[in-house]
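# Report on the structure
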Amino acid sequence: AQTVTQSQPEMSVQEAETVTLSCTYDTSENNYYLFWYKQPPSRQMILVIRQEAYKQQNATENRFSVNFQKAAKSFSLKISDSQLGDTAMYFCAFLTGANSKLTFGKGITLSVRP
Amino acid sequence: NAGVTQTPKFRILKIGQSMTLQCTQDMNHNYMYWYRQDPGMGLKLIYYSVGAGITDKGEVPNGYNVSRSTTEDFPLRLELAAPSQTSVYFCASRGPNRDTGELFFGEGSRLTVL
C-alpha cells in the first residue's frame, strides 16, 4: 500500500519570503505521479503543481517549485515570494500507475504573515 | 462547464437516518471518487469508480454504499447515520489521461450527525 507522510502540521512564513513544505511517500511502484493541492478557507481543492516520477526535471509553476528526490522518496514544495493568498492547507498526494487511487497526506497548515 | 456538482452543501442528520449525497460531473470523466475530510485532517478515500457499472472500496468504506449507473453520476449513500460520519465529503473526478492526474473537486458537503 502507498503512504504519504507530511510530518509538519503547521508552518508560518513572512510575506515575500520563501518557505518549503515537506512530503515523503512510500511505494514499490516505479511509475507514479505526485501532486500538491491547496485548500484555502473556502474549502475548495486547487491543484498547485504535479510531477511525473519518470521526469528527472523538477516541476515549476510560477512561484511554486518542487524538489523531487526519487531515491529518497521525497517531494517538497517551495513557495517563493510568499503572498497572503497563499495562506491555506497544503496536501501532498500520490497517484500510481497501477491503480486509480489518489492518496493524500494529512496536510500542513501554512500561514503567511503580513 | 459546471465541473463537479455536489448536493446538498450542508445537512444535519439524526442518528440512524439515511441519506444520499449526490455528485454529478459534466466532463465525461471515467474516474470518480468520494473522499471524507475530518477536521484538521487529510482526505480519506471512501469509494471510487473507474467507469459506469464499476465501483471499488477505498480506505474507509464501512457505513457507505455507492452506485455508478451512468458516467455522469456517482451518488454516495449513508444507510444508518452515526456520529462518526460527521465530516466534510468531497466528490472528485478525473479524465482517462493519467499523465495529468488532476482531480477536479466539488465544493464539498458538510454533514453533521447528532
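The structure this text deals with has already been given above.
Now for a look at the structure at hand.

Thresholds applied
- Along each chain, numbering runs from 1 in the same order as the chain's sequence is written.
- Here chains are named by letter from A upward and ligands by number from 1 upward, in the order in which they appear as written.
- Since the coordinates come from a predicted model, pLDDT governs what is reported: local features require at least 70, and pairs of side-chain atoms require 80 or more to be given and counted, while whole-chain, interface and lining totals use all residues.
- Excluding hydrogens and water, the side-chain figures rest on all heavy atoms present in the structure.
- Residue contacts are counted whenever heavy atoms from the two residues lie within 4.5 Å of one another.
- The term buried area refers to how much accessible surface (probe radius 1.4 Å) is lost by two components on association, counted for both of them together.
- Whenever Lys or Arg places a side-chain nitrogen within 4 Å of a carboxyl oxygen from Asp or Glu, that contact is recorded as a salt bridge.
- Pairing of N or O atoms within 3.5 Å defines a polar contact, subject to two protein rules: one partner must be a possible hydrogen donor and the other a possible acceptor, and residues neighboring in sequence count only if both atoms are side-chain atoms.
- Gly is put with the polar residues, along with every residue not named as nonpolar or charged; the nonpolar set is Ala, Val, Leu, Ile, Met, Phe, Trp, Tyr, Cys and Pro, and the charged set is Asp, Glu, Lys and Arg.
- Put simply, DSSP H or I for four residues or longer makes a helix, DSSP E for two residues or longer makes a strand, and each gets a number counted from the N terminus.
- Residue burial is assigned from relative accessible area. The probe radius is 1.4 Å, only protein chains are included, and a residue is buried under 20% of its type maximum, exposed over 50%, and partly exposed in between.
- Neither His nor the chain ends is counted toward charge; the positive residues are Lys and Arg and the negative residues Asp and Glu.
- We call a set of buried Ala, Val, Leu, Ile, Met, Phe, Trp, Tyr and Cys residues a nonpolar core when their side-chain atoms join them within 4.5 Å.
- Whether two strands pair comes down to DSSP finding at least two bridges between them.
- Here an angle of 0 to 180 degrees is reported between the N-to-C directions of two axes, which are lines fitted to C-alpha atoms, with helices fitted over the stretch in contact.
- Between 30 and 60 degrees the pair is tilted, below 30 it is stacked and above 60 it is edge-to-face, where a pair is any two Phe, Tyr or Trp rings, Trp via its six-membered ring, whose centres lie within 6.5 Å.

## Observations regarding the interface of chain B and chain A
Contact with chain B, which involves 27 residues of that partner, is made by 22 residues of chain A. Summing both partners gives a buried area of about 2,000 Å² for chain B against chain A, and 55% of it is carried by carbon and sulfur. Counting the contacts that link chain B with chain A gives one salt bridge. One salt bridge in this structure joins E102 of chain B and R50 of chain A, with 3.4 Å as the shortest N-O distance. Between the two partners, chain B and chain A, sit seven residue pairs in polar contact (both at pLDDT 80 or more). Residue composition of the side of chain B that touches chain A, by class: 13 nonpolar, seven polar and seven charged.

## Thoughts on the side chain of R68 of chain B
Residue and element names in this part refer to chain B. Relative to the assigned elements, R68 resides in the loop between β7 (64-66) and β8 (76-78). Despite its burial, R68 remains without a salt bridge, the nearest opposite charge being carried by E72 at 7.5 Å. A polar side-chain atom of R68 sits 3.2 Å from the main-chain carbonyl oxygen of H29. Within the local environment of R68, its side chain forms a polar contact with the backbone oxygen of T71, the two atoms lying 2.8 Å apart. Other than its neighbours up to four places away in sequence, R68 contacts Q25, H29, N30, M32, S49, V50, G51, A52, G53, T55, D73 and F74.

## Thoughts on the nonpolar core
Counting residues in each nonpolar core, the largest one holds 26 residues, and the members touching the most others are L21, W36, L77 and Y90 of chain A. Of all the secondary-structure elements, those providing two or more residues to this core are β3 (19-21), β5 (32-39), β6 (46-52), β8 (64-69), β9 (74-79), β10 (88-96) and β12 (108-113) of chain A. Sort the elements by how many residues they give to this core and β10 of chain A lands first, with four residues. Residues contacting L77 of chain A, with those up to four places away along its chain left out, are V19, T20, L21, W36, V48, I49, F64, S65, V66 and Y90 of chain A. F91, L95 and F104 of chain A together with F105 of chain B belong to the second-largest nonpolar core, a separate cluster that totals 22 residues.

## Looking at the sheet that holds strand β1 (residues 4-7) of chain B
All names here are of chain B. Pairing within the open sheet is antiparallel, and its four strands lie in the order β1-β3-β8-β7. Sheet topology places β1 and β7 at the edges, where each strand pairs with a single neighbour. The mean angle between the axes of side-by-side strands here comes to 20°, regardless of whether they run parallel or antiparallel. Alignment of β7 against β8, held across three bridges, turns out to be antiparallel. What sits directly across from Y64, in β8, is L78.

## Quick notes on the packing of aromatic side chains
Applying the stated criterion across every chain yields a total of 16 aromatic pairs over all chains. Aromatic pair Y25 of chain A and F94 of chain A: ring centres 5.6 Å apart, planes at 35°, arrangement tilted. You can see Y25 of chain A sitting in strand β4 (residues 24-26) and its partner F94 of chain A sitting in strand β10, a full 69 residues away along the chain. As far as the burial class goes, Y25 of chain A and F94 of chain A line up, both buried. Ring pairs connect the aromatic residues F35, Y37, F91 and F104 of chain A together with Y33, Y35, Y48, F90 and F105 of chain B, which therefore count as one cluster.

## Here we look at the pattern of salt bridges
Enumeration according to the criterion identifies seven salt bridges over all chains in this entry. The partner of K55 of chain A in a salt bridge is E52 of chain A, and the shortest N-O contact between them spans 3.9 Å. Between E79 of chain B and R77 of chain B there is a salt bridge, and its shortest N-O distance comes to 3.3 Å. E79 of chain B gets classed as partly exposed once you look at its relative accessible area, which sits at 35%.

## Observations regarding the environment of M32 of chain B
All names here are of chain B. Along the chain, M32 falls in strand β4 (residues 31-37). A C-alpha to C-alpha distance of 7.0 Å links M32 and F74, two positions 42 residues apart in sequence. Discounting residues that sit within four places of it in the chain, M32 has contacts with C23, Q25, Y48, S49, R68, T71, E72, D73, F74, C91, A92 and S93.

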